[in-house]
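Here are the chains, one letter per residue:
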Amino acid sequence: MAEQKKMVEEITSMDVDFAKWYTDVVKKAELVEYTSVKGCMVIRPYGYAIWENIQKTLDGMFKETGHENVCMPMFIPESLLNKEKDHVEGFAPEVAWVTHGGSEKLEERLCVRPTSETLFCEHYANIIQSYRDLPKLYNQWVSVVRWEKTTRPFLRTREFLWQEGHTIHATAEEAQEETIRMLNVYADFCENCLAMPVVKGVKTAKERFAGAEDTYTIEALMHDGKALQSGTSHYFGDGFAKAFGIQFQDKDNKLKHPFQTSWGCTTRLIGALIMTHGDDNGLVLPPKVAPVQIVVIPVASHKPGVKEKATEVYENLKKICRAKIDLSDNSPGWKYAEYEMKGVPLRLELGPRDIENNQCVVVRRDTREKYFVSLDELETKGLLETSEGAKVVNLDEYGMPPCLLVKADGASLYATRDLAAAYYRKQTYDFHKCLYVVAYQQNLHFKQVFKTLELMDFAGKDDMEHIAFGMVSMEDGSMSTRQGRVVWLQEVMDKAVEKARAIIEEKNPNLEDKEQTAESVGVGAVVFSALWNNRIKDIV
């Protein structure tokens, strides 16, 4: 990783004051602004664009699992809220009440929606009569109000944006399956779209959602070592149905109460993103939710042809990803700091010398590593094709599937980064051999990358080599850096000795010095495996 030089002095270091660092980032990156209403915030365009990308992806995942969007009223009559005792008691301290309409006092107080279970129950009671009406799989994207005493932008505010799913089912088993299914959807989204590992679990009875039989949660670990609740899924049983008189005629012609769930996540996810990935220079945004995925910055833009070439590159980039070009008269250094602070995943720098060499400099926000990338080799050589919105290199004639470089949503992949890294390493180190010591399961990947480099007439195309090896697996799987799973050498040694001991007990139980022999054989087997020059078989 490149040396981390602090570029934005106005942001407090997280090691000095984590809470102040967080506030500095959300303000300096122009995500929010405070208002005259205590505990409420203005979500500024850049912050709202992050939420829009979260919303778009999650909404697609909900619809893939059969859910439909609806919209319930903002106001709940007090009598309706009081129908479920545990529910109203749980939310009473946080409820905001409307008592007047204009200058007239209302006959009944109206609660400003803190959550919508009671509204959905009233609706279900009106539309569900038969088992044929079930299940109902609903979701809504709205704001809610909870009169919090202590507030922080995104993490805890009196009004916030969220989605709340509400489903109703004929059987408890279906409802319980739905509860876990949606918890897994949240976990999948957080880990694969927000690059934010989470732990799934069950809340204690004290922490359980008001009126629920079980509350499941995903918790993410922040930079300060604290866990942050990032999404919840609740199983209600038939408690709400009984309280609201919801019944249906089942296939056996008997009247029964249905079973319900609810699940939700909020703009707190933006706060989680900041505290999981951010650093002392500001935001670090995952490409899938970043409002701008790559920014083009002309260097020495006053010189002939620089702005024009930078604009040409930008026009090509915006066809495949969320791109921006900064043609302002601010200095390049100011621009670098600005877009680092805003967490833009990639920065593309282009100056007169780069144009002369038909290349540009690409800088990653997460690692701050720099790569030299050819401006047009893929395009001019006719290698890049569009397939279902994605950018690929067709390798059919070489007996390989296409090499996928850019997904339909603009996200890059390992192949994209390996191609860029190859150019960077050749130009920076002028290597004699570039060796990739990676498990044999990646054979196809490297064949595709090496063939693409060959077709691009890459200068080091003949000097790339994949050194494949087999994986050592234990009971819980093989080593995986992405999943945080480690296989320790001592564990492998112990397991090998254990197996050798078992063989000795079976074949030659009367052998002298069995323990010493088992240790010698087990350790020797591991050493032999490590030194063998053709280690392409997995060891389990």
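Residues numbered from 1 in each chain as written. Predicted model: local features only at pLDDT ≥ 70, side-chain atom pairs only at ≥ 80, totals over all residues. Heavy atoms only, no water.

Chemist: Is there a simple way to explain the overall build of the protein in this structure?
Modeler: Along the protein, the regular secondary structure elements total 16 helices and 26 strands. Relative to its full complement of 540 residues, the protein shows a buried share of 46%. Put simply, 63% of the contacts in the protein that link residues at least 6 apart link residues at least 24 apart. Taking the 67 positively charged and 81 negatively charged side chains of the protein as two groups, their mean positions are separated by 3 Å. (Helix = DSSP H or I, 4+ residues; strand = E, 2+ residues; numbered from the N terminus. Buried < 20%, exposed > 50% of the residue type's maximum accessible area, 1.4 Å probe, protein only. Contact = heavy atoms within 4.5 Å. Lys, Arg positive; Asp, Glu negative; His and termini not counted. Charge placed at Lys NZ, Arg CZ, Asp CG, Glu CD.)

Chemist: Whenever I open this one, the pattern of salt bridges confuses me. Can you help?
Modeler: Between side chains of opposite charge, pairing is possible as soon as their charged atoms come close. Summed over all chains, the structure comprises 27 salt bridges. Here Glu219 and Lys203 are joined by a salt bridge, their closest N and O atoms 3.3 Å apart. One end of the pair, Glu219, is in strand S10 (residues 214-221); the other, Lys203, is in the loop between strand S9 (198-202) and S10, and 16 residues separate them in sequence. Taken as a pair, Glu219 and Lys203 share a single burial class, namely buried. (Salt bridge = Lys/Arg side-chain N within 4 Å of Asp/Glu carboxyl O.)

Chemist: Can you help me understand the pairing of strand S5 (residues 96-101) in this one?
Modeler: Remark: a regular strand shows side chains that alternate across the two faces of the sheet. Where S5 meets strand S6 (residues 104-112), five bridges bridge the pair, whose relative direction is antiparallel. Note that in S6 the partner of His100 across the bridge is Lys105. Here S5 folds back onto S6 in antiparallel fashion, the turn holding two residues, of which Gly102 has a positive phi close to 70 degrees. (Pairing = 2+ DSSP bridges.)

Chemist: Any chance you could explain the confidence of the model for the protein here in plain terms?
Modeler: Mean pLDDT over the protein: 89, with 91% of residues reaching 70 or higher. Put simply, helix H12 (residues 377-380) is where the protein has its lowest mean pLDDT, 57, and strand S3 (residues 68-69) is where it has its highest, 98. (pLDDT = per-residue confidence, 0-100.)

Chemist: So what exactly am I meant to see when it comes to the nonpolar core here?
Modeler: Counting 56 residues, the largest nonpolar core has Leu31, Ile54 and Ile274 as the members making the most contacts within it. Of all the secondary structure elements, the ones that give two or more residues to this core are helix H1 (18-28), helix H2 (45-64), helix H6 (172-192), S10, strand S14 (259-266), helix H8 (268-277), strand S15 (294-298) and helix H10 (332-341). Residues within four places of Ile54 in sequence aside, it is in contact with Phe189, Leu194, Leu269, Ile270 and Val289. The next biggest cluster of nonpolar side chains, apart from the first, holds 25 residues, and it includes Leu81, Phe91, Ala210 and Ala212. (Core = buried A, V, L, I, M, F, W, Y, C linked by side-chain atoms within 4.5 Å.)

Chemist: It is not clear to me how the side chain of Thr367 should be interpreted in this structure. Could you clarify?
Modeler: For Thr367, the position within the fold is in the loop between strand S18 (359-364) and strand S19 (370-374). Polar contacts involving the side chain of Thr367 include one to the side chain of Glu369, which spans 3.0 Å. (Polar contact = N/O pair within 3.5 Å; in protein donor to acceptor, adjacent residues only side chain to side chain.)

Chemist: Quick question: what am I supposed to make of the packing of aromatic side chains here?
Modeler: Aromatic ring pairs are described here by two measures, namely the spacing of the ring centres and the angle between the planes. Summed over all chains, the structure comprises 20 aromatic pairs. An angle of 90 degrees between the planes, with centres 6.3 Å apart, marks the rings of Tyr424 and Tyr429 as edge-to-face. Here Tyr424 falls in the partly exposed class, since its relative accessible area comes to 21%. The exposure class assigned to Tyr429 is exposed, which follows from its relative accessible area of 56%. Between Tyr436 and Phe446, the aromatic rings sit 4.9 Å apart at their centres with planes inclined by 45 degrees, giving tilted as the arrangement. Here Phe446 lies in helix H14 (residues 443-455) and Tyr436 lies in strand S23 (residues 434-439), a separation of ten residues in the sequence. The residues Tyr436 and Phe446 share a single accessibility class, namely buried. Directly above the aromatic system of Trp97 lies the positively charged group of Arg109, at a separation of 4.0 Å from the ring centroid. Directly above the aromatic system of Tyr46 lies the positively charged group of Lys342, at a separation of 5.0 Å from the ring centroid. (Phe/Tyr/Trp six-rings, centres within 6.5 Å; stacked < 30°, edge-to-face > 60°. Lys NZ or Arg CZ within 6 Å of the ring centre and 35° of its normal.)

Chemist: Can you help me understand the side chain of Gln448 in this one?
Modeler: Position of Gln448 among the secondary structure elements: in helix H14. Among the residues examined, Gln448 registers a relative accessible area of 10% and is labelled buried. Once residues lying within four places of it in the same chain are set aside, the contact partners of Gln448 are Leu395, Met400, Pro401, Pro402 and Cys403.

Chemist: Looking at this structure, I do not really get unusual backbone geometry. What am I missing?
Modeler: Excluding glycine, most residues fall at negative phi; most peptide bonds, likewise, are trans. Backbone torsion omega between Leu134 and Pro135 reads -5 degrees, so that peptide bond is classified as cis. Within the element layout of this structure, Pro135 appears in the loop between helix H5 (117-127) and strand S7 (136-145). The residue Asn253 is not glycine, and still its phi comes out positive at about 70 degrees. Locating Asn253 in the fold gives a position in the loop between strand S12 (248-249) and strand S13 (255-256). At Asn358, a residue that is not glycine, the phi angle is positive and equals roughly 55 degrees.

Chemist: What's the story with the environment of Thr167 in this structure? I'm lost.
Modeler: The residue Thr167 is located in strand S8 (residues 159-169) in this model. On the basis of relative accessible area, Thr167 is assigned to the buried category, the value being 0%. Distance from Thr167 to Ser36, taken between C-alpha atoms, is 37 Å for residues 131 residues apart in sequence. The contacts of Thr167, once residues within four sequence positions are left out, are His67, Tyr124, Lys136, Leu137, Tyr138, Glu178, Phe259, Gln260, Thr261 and Trp263. A distance of 2.8 Å separates polar atoms of two side chains, one belonging to Thr167 and the other to His169. Of note is the side chain of Thr167, whose polar atom sits 2.5 Å from the side chain of Thr261.

Chemist: What is the right way to read the packing of H2 against H8 from this model?
Modeler: For any two helices packed against each other, the geometry is given by the interaxial angle and the distance between the axes. Contact geometry of H2 with H8 gives a least axis separation of 10 Å together with a crossing angle of 105 degrees. In terms of orientation, H2 and H8 fall into the roughly perpendicular class. Across from Gly47, Ile50, Trp51 and Ile54 in H2, the residues of H8 making contact are Leu269, Ile270 and Leu273. For the contact of H2 with H8, the per-class residue count stands at six nonpolar, one polar and no charged. (Axes fitted to C-alpha atoms, helices over the stretch in contact; angles between N-to-C directions. Parallel < 35°, antiparallel > 145°, perpendicular 65-115°, else oblique. Nonpolar A, V, L, I, M, F, W, Y, C, P; charged D, E, K, R; others polar.)

Chemist: Just checking my understanding: could you explain the environment of Ala170 for this structure?
Modeler: Within the element layout of this structure, Ala170 appears in the loop between S8 and H6. Along the chain, Ala170 and Asp250 lie 80 residues apart, while their C-alpha atoms are 8.0 Å from each other. Discounting chain neighbours no more than four positions away, the residues touching Ala170 are Leu134, Phe248 and Phe259.

Chemist: Even after reading the chapter, I still don't get the sheet that holds strand S22 (residues 403-406), so can you show me in this structure?
Modeler: As a general point, the strands of a sheet are linked pairwise by backbone hydrogen bonds and lie either parallel or antiparallel. Here three strands make up an open sheet; going across it, the order is S20-S21-S22 and the pairing antiparallel. With partners counted over all chains shown, the strands left at the sheet margins are strand S20 (384-387) and S22, one partner each. Pairs of neighbouring strands in the sheet enclose a mean axial angle of 45 degrees, with direction left out of account. Judged from the three bridges that link them, strand S21 (residues 390-393) and S22 form a sheet pairing that is antiparallel. Along S22, the bridge assignment pairs Val393 with Cys403.

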